[in-house]
Amino acid sequence: MAAYSDSAANEKPHITVVRPKFLQTVEKSNNSDASSSNNDDSETPIFSKRKILLRIPKQYKGDFMHLTVSKNWLVCLLAAPPPATQITLLRFFLLRALPPGEIALEKYLAGYKIGNLFLDYTGHHMLISLIPKSPGLLADFLYIHGNGPKVRRIEKFKDHEITSVAFNREYGTESSTGPILLGTNRGLIFETELTLEAEKPSYKKQVYDLGLGRPKYPINGLEFLRVPNTNQYLIIVAAPDYIFTFQETLRSDEKSLQAIFTGYVNGTQSHGFETAKTDLNYSVLKLYAQPGEKFASLWGWLCGSGIRHGRIAQSSITTEKFLLGDDLVPLDKDIEQRKHLSSEERRLSVPVSFVLTEYHVLLMYPDHITGICLLNQQVIYEEYFHEQMGKLLNIVRDPFTGSVYVYTEKMLFNYKICDEHRHVWQIYLGKGLYDLAEAHAGNAKNKNLVLESKAEAAIQTGNYKAAAEILADTNNAFEEVCLKFIDLQDKRPIITYLRKRLDKLPTENNEEQLMVLVTWLVDLYLTEINYPGRSKVEKEEWQMAYDEFMRQFSVVKFVRANRATIHKLIAQHADNHNLAQFAIANEDYEEVVLQHLAAEKYLDALNILRKQKDPELYYKYCPIIMEFIPHETIEVLKSQGRKFQVTKLIPTLITIDTPLHIAEVTKYLEYCIYNLCETNTSVHNYLVRLYAQHQPPKVIEYLETEGHDASLVHYDINYALCVCLQFKVHEACVFLYCLLELWYDALDVALGFDMALAKATASKPKDEETKSELWLRIVCHEIEGTNDVKKALDLLNECDLLRIEDLLPFFSDFEKIDDFKEPICKALKVYNQKIQELQHDMEECTKQSERVQNDLENIRERCLIIEGQEICNSCDTYLLVKPFFVFGCGHKFHADCLEKSVVPLLISEQSRKLTMLKQQLESMLTQSAAMAENSKELQKKREKLKHEIERIVAGDCPYCGLMIDTIDQPFVEDWDQVNVDWE
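The rules behind the values
- Residues numbered from 1 in each chain as written.
- Predicted model: local features only at pLDDT ≥ 70, side-chain atom pairs only at ≥ 80, totals over all residues.
- Heavy atoms only, no water.
- Helix = DSSP H or I, 4+ residues; strand = E, 2+ residues; numbered from the N terminus.
- Buried < 20%, exposed > 50% of the residue type's maximum accessible area, 1.4 Å probe, protein only.
- Contact = heavy atoms within 4.5 Å.
- Areas by Shrake-Rupley, 256 points an atom, 1.4 Å probe, with all protein chains shown as cover.
- Salt bridge = Lys/Arg side-chain N within 4 Å of Asp/Glu carboxyl O.
- 1 Å grid on protein atoms, 1.4 Å probe; cavity = no way out; pocket = protein on both sides within 12 Å on 5 of 7 lines; lining within 4 Å.
- Points joined across faces, edges and corners; volume = space filled by probe spheres on them.
- Nonpolar A, V, L, I, M, F, W, Y, C, P; charged D, E, K, R; others polar.
- Axes fitted to C-alpha atoms, helices over the stretch in contact; angles between N-to-C directions.
- Parallel < 35°, antiparallel > 145°, perpendicular 65-115°, else oblique.
- Left-handed = near helix turned anticlockwise from the far one by under 90°.
- Pairing = 2+ DSSP bridges.
- Phe/Tyr/Trp six-rings, centres within 6.5 Å; stacked < 30°, edge-to-face > 60°.
- Lys NZ or Arg CZ within 6 Å of the ring centre and 35° of its normal.
- Patch = residues over 30% accessible without salt bridge, like charges linked within 9 Å, V, L, I, M, F, W, Y side chains within 5 Å.
- Disulfide = S-S within 2.5 Å.
- Expected span 1.5 Å × (residues − 1).
- Polar contact = N/O pair within 3.5 Å; in protein donor to acceptor, adjacent residues only side chain to side chain.
- Core = buried A, V, L, I, M, F, W, Y, C linked by side-chain atoms within 4.5 Å.
- Arc of directions from axis to C-beta.
- pLDDT = per-residue confidence, 0-100.

### Let's talk about the overall build of the protein
Scanning the protein from N- to C-terminus turns up 35 helices and 31 strands. Counting across all 983 residues of the protein, residues that qualify as buried make up 45%. Within the protein, counting contacts between residues at least 6 apart in sequence, those at least 24 apart form 52% of the total. Of the accessible surface of the protein, which amounts to about 52500 Å², a share of 51% is contributed by carbon and sulfur atoms.

This is how it looks when you write it as structure tokens:
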């Protein structure tokens, strides 16, 4: 039964079959035998038969010969009663009350009888196989298109009795069949294509031979499928005793079906096959697909032993074994029993045909229809047809709508299939196929029964955990389920059940249930974790399960609201690890740190500090941890980067002054300064102190790194100097004195321990007088009282500012002059050279003064001649009509034109001064009449004001001077004023 495990077909959209308006229901039969033992009397039968009447034109009378239906197109062959030989093909569209298409066939049937009628999936292409009645005639077949009355005899297939046709669902259209396969009574398979326009088939290809020369080996079934979403094609062929399978993957542009058989013809592939012992000279192959689907999901084969059936693989297939499953619905009498029957009894005991539904098979016997469930082979429907109905001819199914039709010689019936999967879940449940039963259970009540049975089966096999998972999905009472598992030594089942119930529990308005579930689960987990005798691996497994449980959203939300309860519960188990984890989860890090410190687990406490984000806890607890694990503490502090205020952290680090602690603190301060670029003065001062006290050589390295600019260093120079003096770091003292420009103090310290440093210090001042005095101090320190002439001469050579006359006072009056002969002569030469340079400079100054005097005399005599036709360079009018100015460059301007040109180029200060002078001049002009007695004095003032105004306005040529000087100035200086003006 595994072939029916795929329930995807139930999820596909169902195509509602619309009953034709012109088909009147005249009879409805609900045989009592059709109901299952599981059905109530009031339950609607799965299969019910309805007789339908076709509105056949009055001129046509007779019995049905053949009938088939596809896509709501019904095609039948009607034979007139003897002695008439009229045979008519009628074509109905079941969804509309239109007159049927009519074609008379008797003129094509002379000497022939009709073998079978075939209709493609579109309902437009009809094939009729013809069998000769007398010797001398060859088998033939007719092709009829639904859009026209024309009947075409396909001459290319003369002498081939067509017993089966595989129509092409992929490429078949209303105008063309596309490539199709034809099976014959000699086991041959042909490929051809039939179209509305062409008079003849476009081609005829023999693609395979199953008969291998036998005169009669009919192909009773032929099906052609394409695997969805692939280019893989499947061929199923049924003979009386074999069912053959072929498969091949074709190119996307390949339409011919011959390529499927190429590998089998040349021997590189071998076809799949199933054999069956049979006493029949025929077999029937049927496929089942959901209505409207192209790819079939089930297959069935009627042979001598019964109905063999299974499902078809739905994905890409790599072998010829794509007919999955091989279940058998046996016949009432097997082959051996049928041997002892008469020919009539044997005929009545064997089905003539059948159709498949999703879970059942309808078998058509010569006198009755039987419905059998494919899952348990139980007969759920059986109905006999009396003689008045006529002989049963065939049962067919419309592949597009899924409707089932049965016809006799005189009547046509439609079978309504109602909810055929209603009892499928019970069948699966009875077989122990619980997953399939659950999938088909339908309503919640049935599903609950399935889950209960599944859980009981799991309990019987000892699989309590699986049973707990199943029972959590039922609506059984909570207490009832818990009692099944609570006494078990293994607590996994009860934990599994509680967790699944917790997952399904709505968080709103269920506080009490949530309290029970969470607290019980926490208690169970902690009990298992701390159970005596647990191995390390088992304990870790339980701990992981507990941690995962505590991370659930609903649990986290509950724990935060009931923190005290859960904390108390964990504390009762004395589980320090989980108590700490609980505090961490609730961000109560201080409590965790205190627990670790109380247990002297300083590294664990440090790790907790590292996980949290509050720097205050570092300031508070680092002094304690630093005392015991200084290196680890400093490494953690460094890993936090800029998280801390170093000034607040330093007081916590200086509580202990062992060499190890000092080294670690120094390392951290170096990290802050050099890596984090810390600029706080106290941090730098503290590092200077640590260096001076414990690592004196590093002081000068640090000071050099900070630089020689006192305004840019980050330490307090005076503090650093005091520290260095306290710990006698002399070189650093000299550096700091120099930084403070206390040159004499720096030199005094340097002279005490390093003459080279003293000389370098004396050379640093930029002031030559100071530098000279410093060098004199060095001279005094070196030669006073020693009269060491060599040292004095060496110092004289080292400093260019020292002169021999500066050194002589340090020697006694009785020192021989011979030792100083060379320096004295050199000094005299220098003085002589300077005297000559001064004389040369004086001569140059005299000559320059004479040239200036000559230039002044020439200027006094210079004049410019202005002619009458001269014009102003600004307004282009005659120059002499108004007061004007003439510049040495030759440019000439009227006084008012010059002012207009110059004022915009003046700076704001000059502009304000010019305005003020003009106002003062106007004021004097208005007061001149009232102050006549002081007119001369006012005239002098006016002349002075005019002179200052002219100096501003006519100080330089605007073209040759002002415009060039102001070329780099912006056009607009006050944009705010400009915006105001524009508004």
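### Digging into the pattern of salt bridges
Applying the stated criterion to the full structure yields 25 salt bridges. Between glutamate 870 and lysine 892 there is a salt bridge, with its nearest N and O atoms 3.5 Å apart. One end of the pair, glutamate 870, is in the loop between helix 30 (821-860) and strand 30 (884-886); the other, lysine 892, is in strand 31 (residues 892-894), and 22 residues separate them in sequence. Glutamate 870 sits in the partly exposed class, given a relative accessible area of 24%. One salt bridge in this structure joins glutamate 899 and lysine 918, with 2.4 Å as the shortest N-O distance. Residue glutamate 899 is located in helix 31 (residues 895-902), and its partner lysine 918 is located in helix 32 (residues 908-927); the two are separated by 19 residues in the primary sequence.

### Regarding empty space enclosed by the protein
Counting across every chain of the model gives three cavities of 30 Å³ or more. In this structure, the second largest cavity encloses a volume near 40 Å³. Classifying every residue of the lining of the second largest cavity by side-chain character gives two nonpolar, no polar and four charged.

### Re the packing of helix 7 (residues 464-471) against helix 9 (residues 492-504)
Here helix 7 crosses helix 9 at 20 degrees, and the two axes come no closer than 8 Å. If you check the angle between helix 7 and helix 9, you find them roughly parallel. With respect to the hand of their crossing, helix 7 and helix 9 are arranged in right-handed fashion. Residues Tyr464, Lys465, Ala468, Glu469 and Leu471 of helix 7 touch helix 9, and the partners they reach there are Pro493, Thr496, Tyr497 and Lys500. Taken together, the residues of the contact of helix 7 with helix 9 break down into five nonpolar, one polar and three charged.

### Description of the sheet that holds strand 10 (residues 151-153)
Pairing between the strands of a sheet comes from backbone hydrogen bonds, and it takes one of two forms, parallel or antiparallel. A sheet is described by the order of its strands in space; here four strands give the open sequence 7-8-9-10, paired in antiparallel fashion. Edge strands, defined here as strands with exactly one partner in the open sheet, are strand 7 (112-119) and strand 10. Each strand of the sheet is rotated relative to its neighbour by a mean of 25 degrees, with strand direction disregarded. Across six bridges, the pairing between strand 8 (residues 125-132) and strand 9 (residues 140-145) is antiparallel. Paired with methionine 126 across the two strands is isoleucine 144, which belongs to strand 9.

### Comments concerning the packing of aromatic side chains
For the structure on display, the rule yields 23 aromatic pairs. Ring centres of phenylalanine 157 and phenylalanine 190 lie 5.5 Å apart, and the angle between their planes is 90 degrees; this geometry places the pair in the edge-to-face category. With a gap of 33 residues between them, phenylalanine 157 in the loop between strand 10 and strand 11 (162-166) and phenylalanine 190 in strand 13 (residues 188-192) connect regions that are remote in the sequence. Judged by relative accessible area, which is 2%, phenylalanine 190 ranks as buried. One aromatic cluster is present, built from ring pairs that chain together Tyr208, Phe246, Phe261 and Tyr264. One Lys or Arg, arginine 91, reaches over the ring of tryptophan 73 and ends 3.6 Å from the middle of that ring. When the ring centre of phenylalanine 354 is taken as origin, the NZ or CZ atom of lysine 286, which lies over that ring, is 5.7 Å away.

### Structural notes on unusual backbone geometry
Of the consecutive residues proline 82 and proline 83, the connecting peptide bond is found in the cis state with omega at 5 degrees. With respect to the helices and strands, proline 83 occurs in the loop between strand 4 (73-79) and strand 5 (87-93). One non-glycine residue, asparagine 229, lies in the positive phi region at around 65 degrees. Of note in this structure, cysteine 677 is not a glycine but carries a positive phi near 60 degrees. By the element assignment, cysteine 677 lies in the loop between helix 20 (659-674) and helix 21 (681-694).

### Some remarks on the sheet that holds strand 3 (residues 63-70)
Taking strand neighbours across the sheet as the criterion, the four strands line up as 3-4-5-6 in an open arrangement whose pairing is antiparallel. Two strands close off the open sheet at either side, each with one partner strand: strand 3 and strand 6 (101-104). Put simply, the sheet's adjacent strands are angled 15 degrees from each other on average, direction ignored. Pairing of strand 4 with strand 5 involves seven bridges; the strand directions are antiparallel. Along strand 5, the bridge assignment pairs cysteine 76 with leucine 90.

### A word on a nonpolar patch on the surface
A cluster of nonpolar side chains, contributed by Leu864, Leu880, Phe884 and Val886, occupies part of the molecular surface with about 320 Å² of accessible area. Looking at where valine 886 falls in the secondary structure, it is placed in strand 30.

### What to know about the state of the cysteines
One pass over the full model with this rule turns up zero disulfides. There is no disulfide at cysteine 724, and the cysteine sulfur nearest it, in cysteine 733, is 5.1 Å away. The exposure class of cysteine 724 is buried, given its relative accessible area of 0%.

### Some details on the packing of helix 18 (residues 630-639) against helix 20
It is at 9 Å that the axes of helix 18 and helix 20 come closest, and there the two elements cross at 10 degrees. When the axis of helix 18 is compared with that of helix 20, the two are roughly parallel. For the pair formed by helix 18 and helix 20, the contact residues are Pro630, His631, Ile634, Glu635, Leu637 and Lys638 on the first element and Leu660, His661, Glu664, Lys667, Tyr668 and Tyr671 on the second. In terms of residue class, the contact of helix 18 with helix 20 is built from six nonpolar, two polar and four charged.

### Quick notes on helix 6 (residues 444-460)
The terminal C-alpha atoms of helix 6, which comprises 17 residues, lie 24 Å apart, in line with the 24 Å expected from a rise of 1.5 Å per residue. Burial in helix 6 covers these residues: Asn446, Asn448, Val450, Leu451, Lys454, Ala455, Ala458 and Ile459. Contacts from the buried residues of helix 6 go to helix 4 (424-430), helix 5 (434-439), helix 7 and helix 8 (478-485). For helix 6, the N-terminal capping position is held by asparagine 443, with its side-chain oxygen 3.2 Å away from the main-chain nitrogen of lysine 445. Looking one or two residues past helix 6, glycine 462 carries a phi angle of roughly 85 degrees, positive in sign.

### Concerning the nonpolar core
Nonpolar side chains in soluble globular proteins generally cluster together in the buried interior. Counting residues in hydrophobic clusters, the biggest one holds 72 residues, and the most contacted among them are Leu637, Tyr668, Leu669, Val699, Leu703, Tyr715 and Leu736. Among the elements that take part in this core, helix 24 (residues 730-739) stands out by supplying eight residues, more than any other. Setting aside its immediate chain neighbours within four residues, tyrosine 715 contacts Thr681, His684, Asn685, Val688, Tyr702, Leu703, Glu706, Ala720, Phe735, Leu736 and Leu739. Of all hydrophobic cores here, the second largest spans 39 residues; its members include Ala467, Cys482, Met550 and Val555.

### Notes on helix 18
When helix 18 is considered as a whole, its buried residues turn out to be Pro630, Thr633, Ile634, Val636 and Leu637. All buried residues of helix 18 lie within an arc of 160 degrees about the axis, which places them on one face of the element.

### So, the pairing of strand 8
Among the eight residues in strand 8, seven count as buried, and that is most of the element. Judged from the seven bridges that link them, strand 7 and strand 8 form a sheet pairing that is antiparallel. Considered in strand 8, the bridge of asparagine 116 is made with serine 129. The turn joining strand 7 and strand 8, which pair antiparallel and follow one another in sequence, is formed by five residues; a positive phi near 80 degrees is taken by glycine 123.

### Details of the side chain of aspartate 140
Mapped onto the fold, aspartate 140 is located in strand 9. In this structure aspartate 140 comes out as buried when scored by relative accessible area, which is 0%. A polar atom in the side chain of aspartate 140 sits 3.0 Å from the side chain of lysine 158. Once you skip the residues sitting within four places of it in the chain, aspartate 140 turns out to touch Tyr112, Ile128, Ser129, Leu130, Arg153, Ile154, Lys158 and His160.

### A few points about the confidence of the model for the protein
Detailed reading of the predicted model is not advised wherever pLDDT is low. With 86% of its residues at a pLDDT of 70 or more, the protein shows a mean pLDDT of 81. Across residues 1-41, where pLDDT falls below 50, the model places 84 contacts with residues more than four positions away in sequence or in other chains.

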